[in-house]
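This is what each chain is made of:
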Amino acid sequence: HILDETKIHEGRLTMQFEEFELREMAIDVLEGFKITADFSSVDIHFKSHEKIYGVWDRFRLEQVLLNLLMNGIRYGNKKPLHVEIKKAGEFAHIIVK
């Protein structure tokens with residue numbers, strides 16, 4: 001969002017870090033997004049093979065995932081969305097295609 005971008009550039013964006021499992025967060029977001037996807041006639045496929053624990057700002061990650069999903073519906077021509085959560089070394093990846 002534009003307000004968040006302004007806060008980032010001004011160094012005023014606050015983060016609320018907590019430990020949680022990334023796959024569970026994604027599942028929660030996808031369950032809440034199901035009505036929007038169904039209304040838009042877009043299938044969502046989710047893939048994740050392992051639990052990934054870390055310390056992140058849950059609210060901000062939920063925002064990012066929701067924005068990617070909304071963009072997929074707006075600009076994806078009703079093609080299915082594929083969401084993948086995976087670990088690569090010390091990093092976690094949220095992939096939306």
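A brief structural summary. This structure is a prediction, so every number in the text was calculated from the model and none was measured.

1. A few points about the sheet that holds strand E4 (residues 81-88)
Overall, mixed pairing links the three strands, which are arranged E2-E4-E5 in an open sheet. Across the chains shown, the open sheet's two edge strands, defined by having one partner strand only, are strand E2 (44-47) and strand E5 (91-96). When strand polarity is set aside, the average angle formed by the axes of neighbouring strands in this sheet is 10°. For E4 and E5, the ladder comprises six bridges, and the chain directions are antiparallel. Bridging across to E5, Val 83 finds its partner in Val 96. Contacting E2, E4 and E5, helix H2 (residues 22-39) runs over the sheet at an angle of about 175° to E2.

2. What about unusual backbone geometry?
Among all residues save glycine, negative phi is the norm, and among peptide bonds the norm is trans. Unusually for a residue other than glycine, Ser 41 sits at a positive phi of about 55°. The backbone phi angle of Lys 78 is positive, close to 65°, even though this residue is not glycine. With respect to the element layout, Lys 78 can be found in the loop between helix H3 (58-75) and E4. Classification of Lys 78 as exposed rests on a relative accessible area of 55%.

3. As for the nonpolar core
Counting residues in hydrophobic clusters, the biggest one holds 16 residues, and the most contacted among them are Leu 22, Leu 65, Leu 69 and Ile 73. Residue assignment for this core shows that the elements contributing at least two residues are H2, H3 and E4. If you tally residues by element for this core, the top one is H2, at seven residues. The contacts of Leu 22, once residues within four sequence positions are left out, are Ile 52, Trp 56, Leu 61, Ile 85, Ala 92 and Ile 94.

About the thresholds
Position numbers for residues count from 1 along each chain, tracking the sequence in the order it is written. For a predicted model such as this one, the threshold for reporting local features is a pLDDT of at least 70, and the threshold for listing and counting side-chain atom pairs is 80 or more; totals across whole chains, interfaces and linings nevertheless cover every residue. The basis for every side-chain value is the complete set of heavy atoms in the structure, and neither hydrogens nor water enter the calculation. Any two strands between which DSSP finds at least two bridges are classified as paired. Runs of E in the DSSP output that reach at least two residues are strands. Runs of H or I that reach at least four are helices, and both are numbered from the N terminus. Every axis in this analysis is a line fitted to C-alpha atoms, fitted for helices over the stretch in contact. Angles between the N-to-C directions lie between 0 and 180 degrees. Here a residue-residue contact requires only that any non-hydrogen atoms of the pair lie within 4.5 Å. Burial classification: accessible surface area is computed with a 1.4 Å probe over protein chains only, and a residue below 20% of its type maximum counts as buried, one above 50% as exposed, and the rest as partly exposed. Side-chain atoms within 4.5 Å are what join buried Ala, Val, Leu, Ile, Met, Phe, Trp, Tyr and Cys residues into a set we call a nonpolar core.

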